[in-house]
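Structure at a glance
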Amino acid sequence: SHTLKYGVEFRSYRETDRFFGNNQTGQFGFGANWVRGPLDNSPIPSDLGFSFASFLLGLPTSGSITIPADYAEQSTTTGIFVHDDWKVNSKLTLNLGLRYEIEGALTERFDKSVRGFEFGAVQPMEAAVKANLLSKPVDGVDPGQFFVRGGLTFAGVDGQPRGLYETPKKNFMPRFGFAYKLTDKTVARGGYGLFYGFLGQRRGDVIQTGFSITVPLNVTLDNGLTFQETLSNPFQTYQNGLPAALGAAEGIRTFLGQNISFFNSNPLSPYNQRWELSLQQELLMGFVADIAYVGNRGTHIEYNRDINAVPNRYLSTSDVRDNTTNSYLTALVPNPFAGQMPASAGSAFRSTNIARQQLLRPYPQFGSVTTTSNDGYSWYHSLQFNLNKRFSRGYTFGLNYTWSKFMEAISLLNAADAIPVEAISDSDRTHRLTLNGIYELPFGRGRRFIADLNPVASLFVSGWQLSGIYQFQSGAPINFGNIFFTGSFDDIALSGSEQTIGRWFNTGAGFVTASSAQPVSNIRTFPLRLSNVRTDAINNVDLSIIKKTQILEGKNLEFRAEFINAFNHPLFPAPNTNVTQAAFGQIVASNQANYPRRIQLTVKFVF
């Protein structure tokens, strides 16, 4: 009455890499910045020749050269499980299980990786920067509340563990299922399980900030009045040659004035709870029907966030473009970091002036500071119906239909938001229907009609088979950007009869389309996606004709003619959602998202 299974599993994921190429000979970008006029704030010319003119003058707009690091990383996971299938009686069977997993943290063989971020660490330049701010005050920035704190920590340095984060130790996963025979032809089934994800596989590779270095080109510090470095003499700011990567030597000063990222030191393992309840009924003529409710709930889903975004309290809440707030935030003010930043810092941090919004960030000595959070979640509910006929009487048939909704909260609507926003998932597909079948033509030897054919005629008449698959699937919700909208969300979607590739949704429903009226430095309110505005639906038929011919005993010839997308139904890509473009709401029909009709002819000899 009991079937017991148990076991232990150990996995080690290892990867080594040494990068070649990857901008190691320098990369230079040329724009129209230095050749526009007559003023330095004149519009950038649209003519293509202006960028080339900058090239001929040898004045890049930007540039860099990379000195990459190599790595040898490893993460491990160990799992233990026990499972019992208990046949309680002739009608009831229970499935009982428990699994425990413990994951080892990601490590780098030589500790060449960032680990975390020391939020309260005082940067050595803080006193000097605050003194500069006192001598040249900046409106909106209180010197008494201005701090230069926070910096990276490294694996195996200053008491930090070699593991790049602490892993949870209580990942127990219960499993339960049952099958109960209500009658000889009716069975009820159900189950619940908890499943943890792997941190190491989700979080990616080691972070080699400091070990791999990209040296920026310092073209100018005064907006083109004078040029420090040119195409003929690049990187000459570094008089003793390109700087070597310092690894962890600079500690919290690593990558000052640049974008950084680090591992969340105490992540939570993402997990998924799944459950199902179904009823299966045997019908006449070999058909079996199954109807089920299937759901799941994702918890502690990890997503990226920038903890150094401009706080929301400084952003505009206006429902129209707020140029006053934008001008205030982007205005150049005296730079208290001038003279304090290393040469590797971006020119914006070393210039005489700096944008005010940079001084309002939580960690103003850095650009973006990216890490992960584990407060994402999702939920899914579905009704699933299946009708299948086992192969008999020369044919088999299957029908599967799913009606579902998939919601998620794994993205921030605004970079400085405290929690992710709930939205319809871009993986949501409300309806999915598939039909499939195989039919053997009832002619020839062993079949219902003209079964007494002579062997020669039977070679041509017998063994024909038709099969087909039809699938319909709702389109995906369309992603929108940060835009202004003055109408009703209900007016955006168009009915199927109204939709055209030139107008996939109602672009006149209230979208603000003027380029000069687009939101800047604002709190976004327009949703990431709308449930009723979707891409094109899948509507596809695949057909095949098969002829099987027995030539001699044990020797068969098979011919197949397969028609993929038999009726040549195009699947259109997502429409343009850039409100400022003339093609807004339109689909580029030439970018078909599926294959046009394909016909494959195959002959196979089996012996």
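A brief report on the enclosed structure follows. Position numbers for residues start from 1 in each chain and track the written sequence from start to end. Per-residue local features of the predicted model are confined to residues with pLDDT of at least 70, and side-chain atom pairs are confined, for both listing and counting, to 80 or more; whole-chain, interface and lining totals are unaffected and use all residues. For the side-chain quantities, the full set of heavy atoms in the structure was used; hydrogens and water were omitted.

This part is about the overall build of the protein chain. Secondary structure elements follow DSSP: runs of H or I of four or more residues count as helices, runs of E of two or more count as strands, with numbering from the N terminus. The secondary structure content of the protein chain amounts to seven helices and 26 strands. For a compact globule of 607 residues, the expected C-alpha radius of gyration is about 25 Å, and the protein chain comes in at 32 Å, more than 25% above that figure. Overall, the C-alpha framework of the protein chain stretches about 105 × 60 × 50 Å when taken along its three principal axes. For this analysis, residues touch if any pair of their heavy atoms sits within 4.5 Å. The long-range fraction of contacts in the protein chain, counting pairs at least 24 apart against all pairs at least 6 apart in sequence, stands at 75%. Within the structure as shown, the protein chain displays about 32200 Å² of accessible surface, and the carbon and sulfur contribution to it stands at 56%. Just so you know, the count uses Lys and Arg for positive and Asp and Glu for negative, and it drops His and the chain ends. Here the site of a charge means atom NZ of a Lys, CZ of an Arg, CG of an Asp or CD of a Glu. Positive and negative side-chain charges in the protein chain, numbering 52 and 47 respectively, have mean positions lying 8 Å apart. The reference for a compact globule is 2.2 Å times residues^0.38; the radius of gyration itself is calculated from the C-alpha atoms. A 1.4 Å probe and the Shrake-Rupley method give the accessible areas. Residues count as covered only by the protein chains that appear here.

Bringing helix α4 (residues 323–330) into the picture now. For every residue, the accessible area (1.4 Å probe, protein chains only) is compared with the maximum for its type, and the residue is labelled buried under 20%, exposed over 50%, or partly exposed between those bounds. Taken together, the buried positions of α4 are occupied by Thr325, Asn326 and Leu329. Buried residues of α4 fall within an arc of 100 degrees about the axis and therefore sit on the same side. Here a polar contact means two N or O atoms within 3.5 Å. Within protein one must be a hydrogen donor candidate and the other an acceptor candidate, and residues neighboring in sequence count only if both atoms are side-chain atoms. By the N-cap criterion, in which a side-chain oxygen at the helix start approaches the backbone nitrogen of a residue two or three places on, α4 is capped by Asp322, the distance to Thr324 being 3.2 Å. Directions drawn from the helix axis to the C-beta atoms are what define this arc.

Next up on the list: the pattern of salt bridges. Any carboxyl oxygen of Asp or Glu within 4 Å of a side-chain nitrogen of Lys or Arg constitutes a salt bridge here. Tallied over the full model, the rule gives 11 salt bridges. Where Arg11 meets Glu9, a salt bridge forms, and the shortest distance between an N and an O atom there is 2.9 Å. For Glu126, the salt bridge is made with Arg149, and the minimal N-O distance between the two is 3.0 Å. In this pair, Glu126 sits in helix α2 (residues 126–135) while Arg149 sits in strand β8 (residues 149–154), placing the two residues 23 residues apart along the sequence. Given the relative accessible area of 8%, Glu126 is considered buried. Through salt bridges with shared partners, a single network forms among Glu9, Arg11, Arg99 and Glu101.

Strand-to-strand pairing in sheets goes through backbone hydrogen bonds, with the strands running parallel or antiparallel. Whether two strands pair depends on DSSP finding at least two bridges between them. With antiparallel pairing, the three strands of this open sheet are ordered in space as β2-β3-β11. At either end of the open sheet lies a strand with only one pairing partner, and these are β2 (27–29) and β11 (213–216). If you compare each strand with its neighbour and ignore which way they point, the axes differ by 20 degrees on average. Alignment of β2 against strand β3 (residues 62–67), held across three bridges, turns out to be antiparallel. Paired with Gln27 across the strands is Ser64, a residue of β3. Lines fitted to C-alpha atoms define the axes, with helix axes restricted to the stretch in contact, and inter-axis angles between N-to-C directions lie between 0 and 180 degrees.

Keep in mind that most residues, glycine aside, have a negative phi and that most peptide bonds are trans. The phi dihedral of Asp111 is positive, around 60 degrees, even though this residue is not glycine. Here Asp111 lies in the loop between β6 (107–108) and β7 (114–122). Positioned with a positive phi, Met285 is a non-glycine residue whose angle comes to about 60 degrees. Here Met285 shows up in the loop between β13 (271–282) and β14 (287–306).

The next thing to look at is the environment of Asn33. Looking at the secondary structure, you find Asn33 in the loop between β2 and α1 (49–57). Residue Asn33 is classed as partly exposed on the basis of its relative accessible area of 29%. For the pair Asn33 and Ile44, spaced 11 residues apart in sequence, the C-alpha separation works out to 6.8 Å.

Ranked by internal contacts, the top residues of the largest apolar core, which has 41 residues, are Phe117, Phe146, Phe337 and Leu359. Elements represented by at least two residues in this core include exactly β7, α2 and β8. Apart from residues lying up to four places away in sequence, Leu359 is in contact with Val138, Val141, Phe146, Val333, Pro334, Pro336, Phe337, Ile354 and Pro364. Counting 15 residues, the second largest nonpolar core, distinct from the first, contains Ile483, Ala509, Phe511 and Val579. In this text, buried Ala, Val, Leu, Ile, Met, Phe, Trp, Tyr and Cys residues form a nonpolar core when linked through side-chain atoms within 4.5 Å.

Let us now look at the side chain of Asn522. Examined against the element boundaries, Asn522 turns out to sit in the loop between β22 (477–479) and β23 (529–534). At a separation of 2.8 Å, a polar atom in the side chain of Asn522 contacts the side chain of Asn482. Among residues more than four places away in sequence, those in contact with Asn522 are Leu315, Ser316, Asn414, Asn482 and Phe484.

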